[in-house]
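# Summary of structural features
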Amino acid sequence: MELKSEDEIAILRENALIVSRTLAEVAKYIEPGVSTSELDRIAEEFLIEEGAIPGFKGYNGFPNTLCVSINEEIVHGIPGERVLKNGDIVSIDCGSIRKGYYGDSAYTFTVGDVAPEVLGLLKKTKESLFLGIEMAIAGKRVGDISSAVQDFVESFGYSVVRELVGHGIGRHLHEKPDIPNYGRQGQGVKLQEGLVICIEPMINLGTKSILQANDGWTIRTADRLPSAHFELTVVVRKEKAEILSTFKYIEEVLGPNKI
Ligand code: MG
Ligand code: MG
């Protein structure tokens, strides 16, 4: 587990803000009728204008800038001809590389009018992310983050994906330690100041079981009920986590009363 210097954190912050702004740019175009490849094109152009390059494109052979995962798709959906329709939810996950370091952030958007029970899943998943972030303090353990997320979402009857987890970030997209969204308080690796991690709850409305689609990438729920995903990058600090990425730009685009 590698702790980052303040100079490295400054570069990670630039990346985090670039992916945050990229997701907000994409948010402007999310509506029924838009294709997922169009969203991907918008993100790629924007990232490059911002002085970064796509972080996911070519990563283990992933073909695109964004992971776009609709409804029962949890993560790693490949953009293509599919068109968003009214009532969908769509997880957009974006990575960047700038000055040799990575950015990585995700947000699950609504498309038109979404069923109330699905809106509830999105709201609670987003809230669980911030509960996890509250635990990213030096001296706490990874299990404190994990259990904060798990206990909260399970209290609403939702389930936590086990096979996919948050992670450290730096010169590599996925660094140690893993940050599971399930676990026990007081267990796991001790958090130290300067550790930079991505916390990313992936929470299902139904069963926690997942399957991989035939495209070799897309992960979906086994029962085909919807799944939500939100991700931010934080620095472990002594008193309170420092959040490097932000949903502020997205929320400005969405306006009040929208998730
Ligand atoms: Mg991500
Ligand atoms: Mg990530």
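Residues numbered from 1 in each chain as written. Chains lettered and ligands numbered in written order. Predicted model: local features only at pLDDT ≥ 70, side-chain atom pairs only at ≥ 80, totals over all residues. Heavy atoms only, no water.

## Details of the state of the cysteines
On inspection of all chains with the given rule, the structure shows zero disulfides. No disulfide involves Cys-67; its nearest neighbouring cysteine sulfur is the one of Cys-94, lying 9.2 Å away. On the basis of relative accessibility, which here comes to 0%, the residue Cys-94 falls in the buried class. (Disulfide = S-S within 2.5 Å. Buried < 20%, exposed > 50% of the residue type's maximum accessible area, 1.4 Å probe, protein only.)

## Details of the sheet that holds strand S13 (residues 227–229)
Sheet architecture is open: three strands sit in the order S6-S10-S13, paired in antiparallel fashion. Of all strands in the sheet, those bounded by a partner on one side alone are strand S6 (159–160) and S13. Note: strand S10 (residues 202–204) against S13, three bridges, orientation antiparallel. The residue of S13 that forms the bridge with Met-202 is His-229. (Pairing = 2+ DSSP bridges. Helix = DSSP H or I, 4+ residues; strand = E, 2+ residues; numbered from the N terminus.)

## Some remarks on the side chain of Ser-105
Here Ser-105 is to be found in strand S5 (residues 101–110). Accessibility expressed as a relative area gives 1% for Ser-105, which makes it buried. Among the polar contacts made by the side chain of Ser-105, one reaches the main-chain carbonyl oxygen of Glu-231 at a distance of 2.9 Å. Sequence-distant contacts of Ser-105, that is, excluding residues within four places in its chain, are made with Val-19, Leu-23, Ile-92, Asp-93, Cys-94, Glu-231, Leu-232, Ser-245 and Phe-247. (Polar contact = N/O pair within 3.5 Å; in protein donor to acceptor, adjacent residues only side chain to side chain. Contact = heavy atoms within 4.5 Å.)

## With respect to the coordination of the magnesium ion (ligand 2)
Tetrahedral coordination by four donors places them ideally at 109.5 degrees to one another around the metal; octahedral coordination by six donors ideally gives 90 or 180 degrees. All of the protein donors around the magnesium ion (ligand 2) are Asp-104 (OD), His-167 (NE2), Glu-200 (OE) and Glu-231 (OE); their distances to the metal are 2.0 to 2.2 Å. In primary sequence terms, the donor set of the magnesium ion (ligand 2) follows D-x62-H-x32-E-x30-E. A gap of 3.2 Å separates the magnesium ion (ligand 2) and the magnesium ion (ligand 1), which Asp-104 links by coordinating each metal. Of this pair, Glu-200 sits in the loop between strand S9 (196–199) and S10 while Glu-231 is found in the loop between S13 and strand S14 (232–235), placing the two residues 31 residues apart along the sequence. Both residues of the pair, Glu-200 and Glu-231, belong to the buried class. (Donors = N, O, S within 2.8 Å, 3.2 Å for Na, K, Ca; no water.)

## Considering the packing of helix H1 (residues 6–27) against helix H2 (residues 36–49)
For any two helices packed against each other, one specifies the crossing angle of their axes together with the interaxial distance. For the pair H1 and H2, interaxial distance at closest approach is 9 Å and the crossing angle is 140°. Classified by the angle their axes make, H1 and H2 are oblique. In this structure, the crossing between H1 and H2 has a hand that is right-handed. Counted together, Ile-18, Arg-21, Thr-22, Glu-25 and Val-26 of H1 and Leu-39, Ile-42, Ala-43, Phe-46 and Leu-47 of H2 form the full contact between these two elements. Grouping the amino acids of the contact of H1 with H2 by side-chain chemistry returns seven nonpolar, one polar and two charged. (Axes fitted to C-alpha atoms, helices over the stretch in contact; angles between N-to-C directions. Parallel < 35°, antiparallel > 145°, perpendicular 65-115°, else oblique. Left-handed = near helix turned anticlockwise from the far one by under 90°. Nonpolar A, V, L, I, M, F, W, Y, C, P; charged D, E, K, R; others polar.)

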